[in-house]
Amino acid sequence: MGITEESLVGIFYEMIKTASTSIPVDVYDGLKKAYEKETNQGARKQLEAILQDIEIACNKKVPICQDTGTPYFFIEMGEDFPIRAKIYKAASEALRKVTKDGYLRPNAVDPFYKKNSGDNTGRYIPWMHLDIVEGDNLKVWFMTKGGGSEFPSTLIMSEPIEGFDKLKRGVIDTIVKFGPLPCPPLIVGISIAAGGDIAMTLAKKSLLRPIGERNPDPNLAKMELDLLNEINKLELGPHGFGGQLTALDVKVDYAYRHPASFAIGIVTSCWATRRASAIIRSDGSWEMTSKHLLYNGTGCTIVR
Amino acid sequence: MVSEYHLSTPLTDDVLKKLKIGDIVYISGIMVTARDEAHETALELLEKGEKLPIDLKGLVLYHCGPVAIKKDNKWQIVAAGPTTSMRMESVEHEFIEKTGIKMVVGKGGMGKKTAEAMKKFNAVYAVFTGGAGALAAEKIKEVKDVYWLDKLGVPEAMWVFRVEEFGPLIITIDTEGNNYYEIRLNEVAQNGEKVKEALKQYKWT
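Here is a short report on the structure shown in this document. Just so we're clear, the structure is a prediction, and the values are computed from it rather than from any experiment. (Residues numbered from 1 in each chain as written. Chains lettered and ligands numbered in written order. Predicted model: local features only at pLDDT ≥ 70, side-chain atom pairs only at ≥ 80, totals over all residues.)

1. Thoughts on helix 4 (residues 87–100) of chain A
Residues and elements named next belong to chain A.
Reasoning step 1: Here helix 4 spans 20 Å end to end across 14 residues, near enough to the 20 Å set by a 1.5 Å rise per residue.
Reasoning step 2: Among the residues of helix 4, those classed as buried are Ile87, Ala90, Ala91, Ser92, Glu93, Ala94, Leu95, Val98 and Thr99.
Reasoning step 3: Taken together, the buried residues of helix 4 touch helix 1 (5–21), strand 1 (70–78) and strand 2 (127–133).
Reasoning step 4: Phi turns positive one or two residues past the end of helix 4, at glycine 102, with a value near 85°. (Helix = DSSP H or I, 4+ residues; strand = E, 2+ residues; numbered from the N terminus. Expected span 1.5 Å × (residues − 1). Buried ≥ 20, exposed ≤ 12 C-beta atoms within 10 Å, placed from the backbone. Contact = placed C-beta atoms within 7 Å.)

Rendered as structure tokens:
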């Protein structure tokens, strides 16, 4: 039995539904740990409401947030995986079904004709980033990203000599400027590249890495931790109410730059970071590679 | 010192005057949603001298576009967290003046014009935890009505909810026009200057 287009739609459906209703375990743990040690009463109140919301959503299988976001697929396609061009069609079909079943709010709007497609599909939506790799597996990372958390997206085109200085200032200025609007605690994705588009894409993609996972390059790992440490001294805190947790994590990535350019991409994800990942094999077998929460009556426990 | 209040609609002036920025409030009674388009529609009607489908005096206005489904001919609210309030900043003062709404609930705070109107008309602004759509839906016990649904669609329509213990709501603009986020974000900006200075010493190359 090989993978079929129909089963691919089903797998995508499961991934999207899970992402919208069950928070990844790494995000839940990060929020819960912060709640337990937070002493600022305003921040505690917000974290408490956030944790309750997460638990209700996974218990009742309803969306964590009513802004169910814009759908992104990041795909690593093995060159021998049997379904290729039709992957996009399968992703769109899954989105239509998940929307119809009430797990996503229709969020795809034509900017010229102001029409909402009603099913979360449309020109370039879902957005899909595809890399072709060796082998015959399909690796999929799905993320759905709310409108508010897109506002801080910042691109800085720097002179190479000033690159790292502008990066440091740019990250802090961005978080300060947008304050509570992107729904902190945030995950901050940063990338350096030659072109602006490359920097923004890699920054966005870096948000897929679980909280606490460090960049394998020790310099970049240190940069992630240093920035995280300093961002949390801003005391913006959950929804701007202060305390120790402004960011849950910082992720850094890069591409080789051009000798004359140093593009800096900065993106943020809200506390309700909704993502799911899976490996799908040519024989039709598959498994979710991300871990999510499901309420079992005694508290949220890991089911995947 | 932060106080916690459990209030019912309609909200009265003496209760509202007690609320200070930072206070925690839970609301029971009637909350009415309006985001960008419902504000425009309501103000257009009032401009023409017509009445709104519901008298908003003393009620709570909620900046929210819910996820709603119809089951057995009854509306159910699945998720209903707040939307960004600043989008309504240009018209909220007029809305407060003309409708007699006493509390506005949203996320992210509001600006000077709204704060001035709140001082003048004895109203408050509170934030509900952004993103907590499932928690909000738990507190919505009944959909009493929905207006302009055909014209505006589900997220933009004016929904009338009966809520119980809807919160936690944190007061960020009080009836004296004090604006919590203005003060708070100034502190954050000052911290930002210190953090930028500290970051200068780090090297990652």
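Right, picking up where we left off after that structure.
2. Looking at the environment of A:Ala276
Residues and elements named next belong to chain A.
Reasoning step 1: Relative to the helices and strands, alanine 276 is located in strand 8 (residues 274–281).
Reasoning step 2: Along the backbone, alanine 276 and lysine 86 are 190 residues apart, and their C-alpha atoms lie at a distance of 21 Å.
Reasoning step 3: Alanine 276 has contacts with Met15, Thr18, Ala19, Phe142, Met288 and Ser290, leaving out every residue within four places of it along the chain.

3. What about the interface of chain A and chain B?
Reasoning step 1: Taken residue by residue, the interface counts 41 residues in chain A and 41 residues in chain B.
Reasoning step 2: Taken together, the elements giving at least two residues each to the side of chain A that touches chain B come down to helix 3 (41–60), helix 5 (163–178) and helix 7 (218–231) of chain A.
Reasoning step 3: Top element by residues in the side of chain A that touches chain B is helix 3 of chain A. It accounts for 11 residues.
Reasoning step 4: Residues belonging to the side of chain A that touches chain B are distributed by class as follows: 19 nonpolar, 11 polar and 11 charged. (Nonpolar A, V, L, I, M, F, W, Y, C, P; charged D, E, K, R; others polar.)

4. Digging into the nonpolar core
Reasoning step 1: If you look at the biggest cluster of nonpolar residues, it comprises 152 residues, and the most contacted ones within it are A:Phe12 and B:Ala126.
Reasoning step 2: Here this core spans two domains, since at least three of its residues come from each of domain 1 (1–146 + 274–304) and domain 2 (147–271) of chain A.
Reasoning step 3: Sequence-distant contacts of A:Phe12, that is, excluding residues within four places in its chain, are made with A:Ala90, A:Ala91 and A:Ala94. (Core = buried A, V, L, I, M, F, W, Y, C linked by C-beta atoms within 7 Å. Domains from an automatic or database assignment.)

5. Topic: the packing of helix 1 of chain A against helix 4 of chain A
Any two packed helices are characterised by the angle at which their axes cross and by the distance between the axes.
Residue and element names in this part refer to chain A.
Reasoning step 1: Axis separation between helix 1 and helix 4 bottoms out at 8 Å; the angle between their running directions is 50°. Between helix 1 and helix 4, the interaxial angle falls into the category oblique. Judged by the twist between their axes, the crossing of helix 1 over helix 4 is right-handed. From helix 1, Glu5, Leu8, Val9, Phe12, Tyr13, Ile16 and Lys17 reach across to helix 4, where they touch Ala90, Ala91, Glu93, Ala94, Leu95, Lys97 and Val98. (Axes fitted to C-alpha atoms, helices over the stretch in contact; angles between N-to-C directions. Parallel < 35°, antiparallel > 145°, perpendicular 65-115°, else oblique. Left-handed = near helix turned anticlockwise from the far one by under 90°.)

6. Focus: the sheet that holds strand 6 (residues 247–254) of chain A
Residues and elements named next belong to chain A.
Reasoning step 1: Read across the open sheet, the four strands follow the order 4-7-5-6; overall the sheet is mixed. In the strand order of this sheet, the two ends are held by strand 4 (154–158) and strand 6, each with one partner. On average, each strand axis in the sheet is tilted by 15° relative to the strand beside it, whichever way the strands run.
Reasoning step 2: Relative to strand 7 (residues 262–269), strand 4 runs antiparallel, the two sharing five bridges. Looking at strand 7, one finds that threonine 154 is bridged to isoleucine 266.
Reasoning step 3: Against the sheet, helix 7 engages strand 5 (186–193) and strand 6, with an angle of about 145° to strand 6. (Pairing = 2+ DSSP bridges.)

7. A look at unusual backbone geometry
Reasoning step 1: The amide bond that connects A:Ile125 to the next residue, A:Pro126, takes the cis arrangement and shows omega of 5°.
Reasoning step 2: Structurally, A:Pro126 can be placed in the loop between helix 4 and strand 2.
Reasoning step 3: Cis rather than trans, the peptide bond between B:Thr9 and B:Pro10 has omega equal to -5°.
Reasoning step 4: With respect to the helices, strands and loops of the structure, B:Pro10 is situated in the loop between strand 1 (4–8) and helix 1 (13–18).
Reasoning step 5: Positive phi values are uncommon outside glycine, yet A:Cys183 reaches one of about 60°.
Reasoning step 6: Even without being a glycine, A:Glu235 presents a positive backbone phi close to 55°.
Reasoning step 7: When the 21 C-beta atoms within 10 Å are taken as the criterion, A:Glu235 is described as buried.

8. Examining helix 1 of chain A
All names here are of chain A.
Reasoning step 1: For helix 1, built from 17 residues, the straight-helix expectation of 24 Å at 1.5 Å per residue is met to within 8% by its first-to-last C-alpha distance of 25 Å.
Reasoning step 2: Burial analysis of helix 1 places 12 of its 17 residues in the buried class, the great majority of the element.
Reasoning step 3: For helix 1, every residue scored as buried is listed here: Leu8, Val9, Ile11, Phe12, Tyr13, Met15, Ile16, Lys17, Thr18, Ala19, Ser20 and Thr21.
Reasoning step 4: Lining the buried residues of helix 1 we find helix 3, helix 4, strand 3 (137–145), strand 8 and strand 9 (286–288).

9. Side note on the pairing of strand 4 (residues 67–71) of chain B
Residues in a regular strand point their side chains to alternate faces of the sheet.
Residues and elements named next belong to chain B.
Reasoning step 1: Alignment of strand 4 against strand 5 (residues 74–79), held across five bridges, turns out to be antiparallel. Pairing of isoleucine 69 across the sheet is with glutamine 76, part of strand 5.
Reasoning step 2: If you look at the hairpin formed by strand 4 and strand 5, you'll find two residues sitting between the two strands, and aspartate 72 has a positive phi there, around 50°.

10. Concerning the environment of A:Ala94
All names here are of chain A.
Reasoning step 1: Structurally, the position occupied by alanine 94 is in helix 4.
Reasoning step 2: Judged by C-beta crowding, with 26 C-beta atoms within 10 Å, alanine 94 ranks as buried.
Reasoning step 3: Through-space distance from the C-alpha of alanine 94 to that of lysine 37 is 40 Å; in sequence the pair is 57 residues apart.
Reasoning step 4: Leaving out residues up to four positions away in the same chain, alanine 94 has contacts with Val9, Phe12, Tyr13 and Ile16.

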